[in-house]
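Breakdown of the fold
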Amino acid sequence: MTAVSVSGVTQVFNRGRPDEVTALSDVDLTVAAGEFVSLIGPSGCGKSTLLRLIADLLAPTTGTVEVSGKPARQARLEQAYGIAFQQAGLFEWRTVQRNVELPLELRGQSKAERRERAAEMLELVGLADFAGHYPAQLSGGMQQRVAIARALAVHPPLLLMDEPFGALDEMTRERLQTELLAICAQTGTSTVFVTHSIPEAVFLSDRVVVMSPRPGRITGTVGIDLPARDEAVRQSPDFFSHVTLVRKTLRGTP
Ligand SMILES: Nc1ncnc2c1ncn2[C@@H]1O[C@H](COP(=O)(O)OP(=O)(O)OP(=O)(O)O)[C@@H](O)[C@H]1O
Ligand SMILES: [Mg+2]
């Protein structure tokens, strides 16, 4: 079963205008069910654009995007994925708890079910004490954690995450990486994860997809074969050799 299938996708913004930008050129990407794939590449290479295409927040100029074997649009309507994007994107007038409950409300879950799941997710991201706060009363990193809790709340078959841990301190970041892997393993979730951090990509992924500067293309893929994903592995020679390989692929000097 294929979770995501992007084929022959080109994305041109402002076509025919002086400010025309080819953000993606001829991109093919397949993500298997249960697979964790990271996208890494320089700023402006089209990583967010690719995620937005998969989420059907954008229609490709050419090419096709399928999620779970369905057109991206149908998958969006069926809420086949959860998203946590670069900006937290919270609703300012809803409390933290009610932001996390939103996708559950859309699925018609009962109030009791929503309460319970939201509490569980807020506990996971360390915000149990802030359930009644409003987003404006939180720091940027805390808002990001609410967005992560919201994305995970429905246990979607596919997670799309755009630098979700970018605003977090190193300790919180590493803890959430471990939690994210545990959730994905438990629920069989497939994930497409954008990051600027090579060690983060190596720690989380089955496969790291490397992109080039504009027009964004996939220039390499590094399979990650580590014996475990625990604290010890972060210090292992095996881990560092994968980091080096991704760095070389990014530089285009394998
Ligand atoms: N809605 C838009 N209209 C016009 N151009 C856009 C739009 N969205 C993105 N672009 C352009 O497409 C290119 C890719 O942008 P994108 O946001 O996908 O990059 P990115 O790889 O996510 O970068 P970063 O690492 O900085 O987040 C950029 O040149 C950007 O200016
Ligand atoms: Mg981006």
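Residues numbered from 1 in each chain as written. Chains lettered and ligands numbered in written order. Predicted model: local features only at pLDDT ≥ 70, side-chain atom pairs only at ≥ 80, totals over all residues.

Per an unreviewed UniProt entry, the protein goes by the name NitT/TauT family transport system ATP-binding protein and belongs to Pseudosporangium ferrugineum.

**Description of helix α3 (residues 96–106)**
Those residues of α3 lying buried are V96, Q97, N99, V100, E101, P103 and L104. At its buried positions, α3 is contacted by β6 (81–84), α4 (111–124) and α5 (140–153). Downstream of α3 by one or two residues, G108 has phi in the positive range, about 75°. (Buried ≥ 20, exposed ≤ 12 C-beta atoms within 10 Å, placed from the backbone. Helix = DSSP H or I, 4+ residues; strand = E, 2+ residues; numbered from the N terminus. Contact = placed C-beta atoms within 7 Å.)

**Side note on the nonpolar core**
Within the largest apolar cluster, 67 residues are counted, with the highest numbers of intra-cluster contacts made by I54, A149 and L160. If one sorts the elements of this core by residue count, α5 sits on top with eight residues. Residues within four places of A149 in sequence aside, it is in contact with V100, M121, L122, L124 and V125. (Core = buried A, V, L, I, M, F, W, Y, C linked by C-beta atoms within 7 Å.)

**So, the environment of V96**
Mapped onto the elements of the fold, V96 is located in helix α3. C-alpha separation for the pair V96 and G132, spaced 36 residues apart in sequence, amounts to 6.1 Å. Residues contacting V96, with those up to four places away along its chain left out, are L122, L127, F130, A131, H133 and V146.

**Thoughts on the UniProt feature "domain: ABC transporter" (unreviewed entry) in the protein**
What UniProt calls "domain: ABC transporter" (unreviewed entry) maps, in this numbering, to residues 4–238. For residues 4–238, the end-to-end C-alpha separation is 29 Å, with 34% helix and 26% strand making up the annotated structure. (UniProt positions renumbered as here; feature names shortened; annotations may be inferred.)

**Side note on the pairing of β6**
A regular strand carries its side chains on alternate faces of the sheet. Along β6, one buried face is formed by Y81 and I83 and the opposite face, lined by G82 and A84, is buried too. Two elements, β6 and strand β7 (residues 158–162), share four bridges in a ladder whose sense is parallel. For I83, the partnering residue across the bridge sits in β7 and is L160. (Pairing = 2+ DSSP bridges.)

**As for the site of ligand 1**
Around ligand 1, the surrounding shell consists of F13, N14, V21, A23, S43, G44, C45, G46, K47, S48, T49 and R214. Among the elements of the structure, β2 (21–32) and α1 (47–54) are those that each provide at least two residues to the shell around ligand 1. In terms of residue count, α1 provides more of the shell around ligand 1 than any other element does, three residues in total. Taken together, the residues of the shell around ligand 1 break down into four nonpolar, six polar and two charged. (Near = placed C-beta within 6 Å. Nonpolar A, V, L, I, M, F, W, Y, C, P; charged D, E, K, R; others polar.)

**Regarding the pairing of strand β1 (residues 2–13)**
Strand direction decides the pairing type here: β1 and β2, joined by eight bridges, are antiparallel. If you follow V12 over to β2, its bridge partner there is T22. Examined bridge by bridge, β1 and strand β4 (residues 62–67) share five bridges and lie antiparallel to one another. The residue of β4 that forms the bridge with S7 is T64.

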